[in-house]
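Descriptive structure summary
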Amino acid sequence: MQNQLQTLQQHIAFIIEVDKLKTVLRKTKAAYVNRYENSAEHSWQIALFALNLRDFAAEPVDIDKVVRMLLIHDLGEIDTGDTIVYAADGAAEREAEELAAMRRILGLLPQPIAADLLALWQEFEARKTPEARFARAIDRLMPILLNLQSGGQSWRENGVSKQQVLSMAVGKVEDGCPLAADWLRAELDRAEQAGCFGA
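How each quantity is defined
- Residues numbered from 1 in each chain as written.
- Predicted model: local features only at pLDDT ≥ 70, side-chain atom pairs only at ≥ 80, totals over all residues.
- Heavy atoms only, no water.
- UniProt positions renumbered as here; feature names shortened; annotations may be inferred.
- Salt bridge = Lys/Arg side-chain N within 4 Å of Asp/Glu carboxyl O.
- Buried < 20%, exposed > 50% of the residue type's maximum accessible area, 1.4 Å probe, protein only.

By the naming in an unreviewed UniProt entry, the protein chain is 5'-deoxynucleotidase, taken from Chromobacterium fluminis. Under the heading Subunit (unreviewed entry), UniProt records this for the protein chain: "Homodimer." Quoted verbatim from the Catalytic activity (unreviewed entry) heading of the UniProt record, the comment on the protein chain is "a 2'-deoxyribonucleoside 5'-phosphate + H2O = a 2'-deoxyribonucleoside + phosphate".

Quick look at the pattern of salt bridges
For the structure on display, the rule yields 17 salt bridges. Glu17 serves as the salt-bridge partner of Lys20, at 3.1 Å between the closest nitrogen and oxygen. Among the residues examined, Lys20 registers a relative accessible area of 41% and is labelled partly exposed. Residue classification places Glu17 among the buried positions, given a relative accessible area of 12%. Counted as one network, the salt bridges with shared partners bring together Glu17, Lys20, Asp79 and Arg104.

The following block contains the structure:
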C-alpha cells in the first residue's frame with residue numbers, strides 16, 4: 001500500500017508540473033480570440049486533429065501512439081520555452097536543452113513509465129517511423145492553419161516568407177500526410193496573393 005501511494009504521488013507531481021505548459025506562449029494566436037495560444041492548447045488540439053486525419057496518413061499508423069506522441073512532444077518547452085519553427089540558428093543547442101528538459105520532467109514519473117515516454121519523444125524527434133512522420137506532419141500543419149485563419153498573423157509578426165513555410169514546414173507535412181500538403185500549397189498561393197507573409 002505504501003509503495004502504491006508513493007507511485008501515485010509521483011504521477012500527481014508530474015501532472016502538476018506539466019500544468020506549467022499552459023504558461024508557455026507560442027507565436028501563433030488562437031483562431032477566435034485575440035491572444036497567443038499556449039503549448040498545452042496546441043498539444044491538445046493536434047492530438048484531436050491527428051485522430052480526425054488518421055485516414056489521410058501516408059502510411060497506416062497506430063493512432064494511439066501518435067496521440068501519445070503529440071500529447072508529450074512539447075513538454076520540454078516548460079523549461080526551454082517555445083521557439084518558432086522557422087528559427088534557423090541554434091538548432092543543436094535547442095535540441096540538447098529540450099532533451100535535458102524532457103529527462104527532468106519525465107523523471108518525476110516512475111522509472112519504467114519515464115523511460116517509455118522518453119523513448120516515445122525521441123521517436124517523434126527522429127521521424128523514422130510512420131507514427132512519428134504523421135505526428136510531425138500534424139504538428140507542422142496546425143500553426144499553418146491558424147496563420148491561414150488569421151491572415152498570416154505569426155508570419156507577418158516574425159518576418160516569415162512563403163518559401164520558409166514551404167521548405168521548413170510543408171515538406172514535413174508531406175512526409176506524413178501528402179494530401180494535406182497538396183491542399184496547403186494551393187492555400188499558400190492564395191495567402192501570398194493576400195499579403196499574408198512577412199518577408
